[in-house]
Amino acid sequence: MLAVKPENAFHEGLEGIVAAESSICLIDGKNSTLAYRGYDIHELAERSNFEETAYLLLAGKLPGIPELEDLRSKIAAERDLPEGVVRLLGTFPKDAHPMAVLRSAISALAFFDTESEDKSPAANFRKALRLIAKVPTIVAYFERMRRGLDLVAPKKDTSWPGAKNFIYMLRGKEASSVENTMLDKYFILLAEHDLNASTFAARIVASTTSDIYSAASAAVGTLKGDLHGSANTRTMESLLAIGDINRVDVFVNDTLLNKRKIMGFGHRVYKGPDPRAKDLKAMAKALADSNPGQAKWFAISEKLEQAVWEKKKLNCNVDFYSASVLYILGIPVDLFTMLFAISRMAGWTAHVLEQYAHNRLIRPVSLYTGSAGRAYTPIQDRT
Ligand code: COA
């Protein structure tokens, strides 16, 4: 029985609801375009770098040379983890879910930040940079700890941008410049996407005036879901399960027949192609061409993209070609979503700062569908 009717129409999954004003990111789902602070995503992927893009998202404009140098040196200086967080990481089970590890480690960072409860805009900006700087170290340390390898300390000078420093910490040796550029481009493409579920979660937390670490850990917990950030890992698992280009059609038929989702396809906002998929597909192809031993992952992906379009008229999304890009870069499959988080931390923190600057508590209402007017019976009289 419907007891209470909200005044406004119900939109399942908040589809189409405008829930915030924001000047950070514009998605045009009909025309398949995406821009950060007015700059087209393709141009940023081609010409920018992750640090510059993070500055753009956080500060609202592209930096000049001194501003970019300043940001780079602040991020590089903040890469170390507090000793307490390193110790804590060492106590986590080696088979813990990587995103659960990241969620907990981010939460723990707050214990060791003397500014964690300082709500001033300047302190919040510093904490945003701290999060962007420290998350890659958490990921690399967790990976090396679970494999029983010595930790590789982050580089602290500005000649080691985030992507290059991250692969170095992960592998213990420097990657090729092509690999560093590819990862940097991946970080640009994934850095921001308006009110996606994890960013919305972060803004909800910020709207209560809770701290930025709480907002970031809520965002990580939200990104962890298969319908959101973990779709990149699930996509790679599908590609590995298919294993051979000749098995693509069987996989698609079987998945659709069993009414399961094909991971890496579909999108709430884009009704045409996801613009980021174009850049990621080109990156996956370039990596496949230069790594013939791994080329089949691109070939299977391309065939899968065609088959899903033919059978279901669904476009692939950002996570689809991300999977083969990250796999060919040698990133362990279950860490893919952590890499998404490394990048998206820039967008999350930009939104949190924006929410703090123009705050009103986010508090929607539900459409009540439960019982009403029931008489209370003492426990001994209940049947
Ligand atoms: N595989 C198969 N069918 C899919 C699909 C997919 N990946 N994505 C959407 N569909 C179908 C749905 O089954 C539904 O069909 P129906 O109307 O016959 O029931 C229709 O398309 C609409 O999908 P719906 O799940 O209602 O759309 P949504 O806006 O709620 O969800 C996603 C969007 C992204 C959650 C959804 O497309 C999905 O689950 N994709 C796979 C996970 C993924 O890649 N997530 C990363 C997103 S960037």
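Basis of the calculations
Note that residues are indexed from 1 along each chain, following the sequence as it is written. In keeping with the predicted nature of the model, local features appear solely for residues at pLDDT of at least 70, side-chain atom pairs appear and are counted solely at 80 or more, and the whole-chain, interface and lining totals rest on all residues. The side-chain numbers reported here are obtained from all heavy atoms of the structure, hydrogens and water having been left aside. Here a strand is any run of E in DSSP of at least two residues, a helix any run of H or I of at least four, and the numbering for each starts at the N terminus. C-alpha atoms define the radius of gyration in this analysis, and the globule rule sets the expected value at 2.2 Å times the number of residues to the power 0.38. Three exposure classes are used, based on accessible area relative to the maximum for each residue type with a 1.4 Å probe and protein chains only: buried under 20%, partly exposed in between, and exposed over 50%. Contact criterion: two residues are considered in contact whenever any of their non-hydrogen atoms come within 4.5 Å of each other. Accessible surface is estimated by sampling points in the Shrake-Rupley manner with a 1.4 Å probe; for residues, cover comes only from the protein chains shown. The charge count includes Lys and Arg as positive and Asp and Glu as negative, but it does not include His or the ends of the chains. Every charge is mapped to an atom, namely NZ of Lys, CZ of Arg, CG of Asp or CD of Glu. Each Phe, Tyr or Trp ring, with Trp reduced to its six-membered ring, pairs with another whose centre is within 6.5 Å; inter-plane angles below 30 degrees give stacked pairs, above 60 give edge-to-face pairs, and intermediate values give tilted ones. Two strands are counted as paired when DSSP detects at least two bridges linking them. Here, the term nonpolar core denotes a set of buried Ala, Val, Leu, Ile, Met, Phe, Trp, Tyr and Cys residues that are joined through side-chain atoms within 4.5 Å. An automatic or database domain assignment is the source of the domain bounds shown. What makes a residue near a molecule or strand is one non-hydrogen atom of that residue sitting within 4 Å of it. A 3.5 Å cut-off defines polar contacts: any pair of N or O atoms within that distance qualifies, except that in protein one atom must be a possible hydrogen donor and the other a possible acceptor, and neighbouring residues in sequence count only when both atoms are side-chain atoms. Using a 1 Å grid laid over the protein atoms alone, points where a 1.4 Å probe fits but cannot get out form a cavity; open sets with protein on both sides within 12 Å along at least 5 of 7 lines form a pocket; any residue with an atom within 4 Å of a point counts as lining. Molecule-in-pocket calls rest on the fraction of atoms, with more than half required to lie within 2 Å of the cavity or pocket grid points. Residue classes follow a fixed rule: Ala, Val, Leu, Ile, Met, Phe, Trp, Tyr, Cys and Pro count as nonpolar, while Asp, Glu, Lys and Arg count as charged, and any other residue, Gly among them, counts as polar. By definition, a salt bridge exists where a carboxyl oxygen of Asp or Glu is found within 4 Å of a side-chain nitrogen of Lys or Arg. The quantity reported as buried area is the accessible area (1.4 Å probe) lost by two parts once they are put together, taken as the sum for both. Axes here mean lines fitted to C-alpha atoms, for a helix over just the part in contact, with angles spanning 0 to 180 degrees between N-to-C directions. Angular relationships are summarised with four words: roughly parallel below 35 degrees, roughly antiparallel beyond 145, roughly perpendicular across 65 to 115, and oblique for the angles in between. Working rule for handedness: look at the near helix, and if it is turned counterclockwise from the far one by less than a right angle, call the crossing left-handed; if clockwise, right-handed.

Helix and strand counts for the chain stand at 16 helices and 3 strands. A compact globule built from 383 residues would reach a C-alpha radius of gyration of about 21 Å, and the chain, at 22 Å, matches this within 12%. A total of 383 residues make up the chain; the buried ones form 51% of that total. In the chain, of all internal contacts separated by at least 6 residues, the share reaching a separation of at least 24 is 75%. For the chain, the accessible area works out to roughly 18,400 Å², and carbon and sulfur atoms hold 54% of it. Here the chain holds 48 positive side-chain charges and 45 negative ones, and the gap between their average locations is 4 Å.

What follows is about the packing of aromatic side chains. Counting across every chain of the model gives 8 aromatic pairs. Ring plane angle 55 degrees and centroid distance 4.7 Å describe the contact between Phe 265 and Phe 320, whose orientation is recorded as tilted. Pair noted here: Phe 265 is in the loop between α12 (248-257) and α13 (275-290) and Phe 320 is in helix α15 (residues 318-328), with a separation of 55 residues, a long-range link. Taking the centre distance of 5.5 Å and the plane angle of 75 degrees together, the rings of Trp 297 and Tyr 327 count as edge-to-face. Pair noted here: Trp 297 is in helix α14 (residues 295-312) and Tyr 327 is in helix α15, with a separation of 30 residues, a long-range link. An aromatic cluster is built from Phe 265, Phe 298, Phe 320 and Tyr 321, whose rings are joined through pairwise contacts.

Ordered in space as β1-β2-β3, the 3 strands form an open sheet in which the pairing is antiparallel. Every other strand in the sheet has two partners, leaving β1 (25-28) and β3 (39-40) as the edge strands with one partner each. Both β1 and strand β2 (residues 33-36) contribute to a ladder of 4 bridges, which runs antiparallel. Counterpart to Ile 27 in the pairing with β2 is Leu 34.

The next point concerns the nonpolar core. When a protein is soluble and globular, its nonpolar side chains tend to lie buried together. Core analysis: the biggest nonpolar cluster contains 114 residues, and Ile 106, Phe 166, Leu 183, Tyr 186, Leu 304 and Leu 339 have the highest contact counts within it. No fewer than three residues from each of domain 1 (25-225 + 334-357) and domain 2 (231-328) sit in this core. In contact with Leu 183, other than residues within four places in its own chain, are Ala 163, Phe 166, Ile 167, Leu 326, Leu 329 and Leu 339.

Moving on, we get to the site of the ligand. Contacts to the ligand come from 16 residues, most closely from Ile 262, Gly 264, Phe 265, Arg 268 and Asn 317. The backbone of Ile 262 places a nitrogen or oxygen atom 2.7 Å from a nitrogen atom of the ligand. At 2.9 Å from an oxygen atom of the ligand is found a side-chain nitrogen or oxygen belonging to Asn 317. The cavity that encloses the ligand is the largest pocket. Of the residues belonging to the shell around the ligand, the class tally is 6 nonpolar, 5 polar and 5 charged.

Before going further, it helps to examine the environment of Ala 175. As for its position among the elements, Ala 175 is in the loop between α7 (162-171) and α8 (177-190). Residues Ala 175 and Asn 165 lie 10 residues apart in sequence; the distance between their C-alpha atoms is 9.2 Å.

Before going further, it helps to examine the pattern of salt bridges. What the rule picks out here adds up to 25 salt bridges. Residue Glu 354 pairs with Arg 203 through a salt bridge whose shortest N-O separation is 2.7 Å. Placement of the pair is Glu 354 in helix α16 (residues 336-357) and Arg 203 in helix α9 (residues 197-207), with a sequence separation of 151 residues. On the basis of relative accessibility, which here comes to 11%, the residue Glu 354 falls in the buried class. Note on Arg 203: relative accessible area 3%, which makes it buried. Asp 274 is the salt-bridge partner of Arg 276, the closest N and O atoms lying 2.8 Å from each other. With relative accessibility at 2%, the residue Arg 276 sits in the buried group.

What follows covers the pairing of β1. Burial along β1 is one-sided: Cys 25 and Ile 27 are buried, and none of Leu 26 and Asp 28, which face the opposite way, are. The turn linking β1 back onto β2 is made up of 4 residues, and Ser 32 within it adopts a positive phi angle of 55 degrees.

As far as domains go, the chain holds domain 1 (25-225 + 334-357) and domain 2 (231-328). Using C-alpha coordinates to define each centre, domain 1 is positioned 26 Å away from domain 2. Facing the 23 residues of domain 1 at the interface are 24 residues of domain 2. Here domain 1 and domain 2 share an interface that buries about 1,900 Å² over both sides, 69% of which is from carbon and sulfur atoms.

Look at α12 against α14: their axes get within 9 Å of each other, and the N-to-C directions meet at 45 degrees. As far as their axial angle goes, α14 and α12 are oblique. α14 is crossed by α12, and the crossing has right-handed handedness. In contact with Val 248, Asp 249, Phe 251, Val 252, Asn 253 and Leu 256 of α12, α14 contributes Ile 300, Lys 303, Leu 304, Ala 307, Val 308, Lys 311 and Lys 312. By residue class, the composition of the contact of α12 with α14 is 8 nonpolar, 1 polar and 4 charged.

This part is about the side chain of Glu 143. Along the chain, the position of Glu 143 falls in helix α6 (residues 121-146). For Glu 143, a relative accessible area of 5% puts it in the buried group.

Turning our attention to the packing of helix α4 (residues 83-91) against helix α5 (residues 98-109). It is at 10 Å that the axes of α4 and α5 come closest, and there the two elements cross at 155 degrees. When the axes of α4 and α5 are compared, the pair comes out roughly antiparallel. Helix-helix and strand crossings are classified by hand; for α4 and α5 the assignment is right-handed. Within the contact between the two elements, α4 uses Val 85, Leu 88 and Leu 89 and α5 uses Val 101, Ala 105, Ala 108 and Leu 109.

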